[in-house]
Amino acid sequence: MEQKSFTVYQLAATGLMTALICILGPMTVAIPVSPVPISLANLAICLSALILGMKFGTLSCLLYLLLGLVGLPVFSGFSGGVGKLAGPTGGYLVGYLFLALIGGYFADRFPGTGLRERTLQAAGLLIGAFVLDAFGTAWLAYMANMDITTALWAGVIPFIPGDLAKIFLAVLAAPVVRSRLLKQNLLAKA
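Residues numbered from 1 in each chain as written. Predicted model: local features only at pLDDT ≥ 70, side-chain atom pairs only at ≥ 80, totals over all residues. Heavy atoms only, no water.

Caption draft 1: Spatial organisation of the packing of aromatic side chains. Within the structure shown, the criterion is met by 6 aromatic pairs. Each ring, one from Y64 and one from Y96, has its centre 6.4 Å from the other, and the planes form 45°; the classification is tilted. One end of the pair, Y64, is in helix 2 (residues 41-69); the other, Y96, is in helix 4 (residues 90-109), with 32 residues separating them in the sequence. This pair shows no difference in class: Y64 is buried, exactly as Y96 is. Seen in terms of ring centroids, Y105 and F106 are 5.8 Å apart; in terms of plane orientation they differ by 80°. Their pairing is edge-to-face. Given the relative accessible area of 16%, F106 is considered buried. Ring pairs connect the aromatic residues Y64, F75 and Y96, which therefore count as one cluster. (Phe/Tyr/Trp six-rings, centres within 6.5 Å; stacked < 30°, edge-to-face > 60°. Helix = DSSP H or I, 4+ residues; strand = E, 2+ residues; numbered from the N terminus. Buried < 20%, exposed > 50% of the residue type's maximum accessible area, 1.4 Å probe, protein only.)

What follows is the structure in structure tokens.
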């Protein structure tokens, strides 16, 4: 059985996407109707999943979470630490792994830049976002002593238009980048 190793290019791309998530993650806009801020982290995670695929996209997300866990200010509002992950919005942070995993799976399964492939990639990101929101909402409801409806209105519903726009942007840009990286043999095919 042949053991596969990571290439320098794969590790570099994973590191770059982790850095992108760390740069965009703290950039947030607070909104008055929710304790959950608008964040660009999920845009970066969508890009990472579609460019790197399931394995390396999820790895870049996991590295982001670990960097925040040890206290680097990479989470919303330039925060970090165990308290942020254990707080009311921590479920959304952990839910990013589902977004990367599911979105990356669809990117690996349906690579390409055609309309069919992009539609399926968008579907994967939508499913991943749904799982992220379900996990985050359940955690928010539990931690903030809210019922599910209140938690949905606080943590999901106001963000749907923005999340759809981020998915649209990721599906426009990422498949082209991935295709070019694959043509240059800078990423391994799934």
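Caption draft 2: Fine view of a nonpolar patch on the surface. Where nonpolar side chains cluster on the molecular surface, the patch consists of L62, L63, L66, L69, V70, L72 and V82 and spans about 580 Å² of accessible area. Residue contributions to the nonpolar patch peak at 4 residues, all from helix 2. Examined against the element boundaries, V70 turns out to sit in the loop between helix 2 and helix 3 (82-86). (Patch = residues over 30% accessible without salt bridge, like charges linked within 9 Å, V, L, I, M, F, W, Y side chains within 5 Å. Areas by Shrake-Rupley, 256 points an atom, 1.4 Å probe, with all protein chains shown as cover. Salt bridge = Lys/Arg side-chain N within 4 Å of Asp/Glu carboxyl O.)

Caption draft 3: Molecular detail of helix 5 (residues 115-143). Helix length check: helix 5, at 29 residues, gives a terminal C-alpha distance of 41 Å against a target of 42 Å (1.5 Å per residue), a fit within 8%. Trailing helix 5 by a residue or two, N145 shows a phi angle of about 55°, which is positive. (Expected span 1.5 Å × (residues − 1).)

Caption draft 4: Quick peek at the packing of helix 4 against helix 5. The N-to-C vectors of helix 4 and helix 5 enclose an angle of 160°; their axes lie 7 Å apart at closest approach. Relative to helix 5, helix 4 is oriented roughly antiparallel. The handedness of the crossing between helix 4 and helix 5 is right-handed. Classifying every residue of the contact of helix 4 with helix 5 by side-chain character gives 17 nonpolar, 9 polar and 1 charged. (Axes fitted to C-alpha atoms, helices over the stretch in contact; angles between N-to-C directions. Parallel < 35°, antiparallel > 145°, perpendicular 65-115°, else oblique. Left-handed = near helix turned anticlockwise from the far one by under 90°. Nonpolar A, V, L, I, M, F, W, Y, C, P; charged D, E, K, R; others polar.)

Caption draft 5: Expanded view of the environment of Q121. Looking at where Q121 falls in the secondary structure, it is placed in helix 5. Taking relative accessible area as the criterion, Q121 reaches 3% and is therefore assigned buried. Placed 18 residues apart in sequence, Q121 and G103 show a C-alpha to C-alpha distance of 6.8 Å. Setting aside residues up to four positions removed in sequence, Q121 forms contacts with L50, F106, A107, F110, P111, G112, V171 and P175. A distance of 3.3 Å separates a polar atom in the side chain of Q121 from the backbone oxygen of G112. (Contact = heavy atoms within 4.5 Å. Polar contact = N/O pair within 3.5 Å; in protein donor to acceptor, adjacent residues only side chain to side chain.)

Caption draft 6: Just the packing of helix 1 (residues 8-24) against helix 2, in detail. In the contact formed by helix 1 and helix 2, the axes pass within 8 Å of each other and the chain directions differ by 70°. Compared by their axis directions, helix 1 and helix 2 come out roughly perpendicular. A breakdown of the residues in the contact of helix 1 with helix 2 according to their chemical character gives 18 nonpolar, 5 polar and no charged.

Caption draft 7: Broad picture of unusual backbone geometry. You will see that F78, though not glycine, has its phi angle at about 55°, which is positive. Examined against the element boundaries, F78 turns out to sit in the loop between helix 2 and helix 3. Notably, N145 is not glycine yet its phi reads approximately 55°, a positive angle.

Caption draft 8: Broad picture of the side chain of D133. Examined against the element boundaries, D133 turns out to sit in helix 5. Although D133 is buried, it makes no salt bridge; K166 carries the closest opposite charge, 9.6 Å away. Setting aside anything within four residues of it in sequence, one finds D133 in contact with Y92, V156 and D163. (Lys, Arg positive; Asp, Glu negative; His and termini not counted.)

Just geometry here; none of it tells us what the structure is for.
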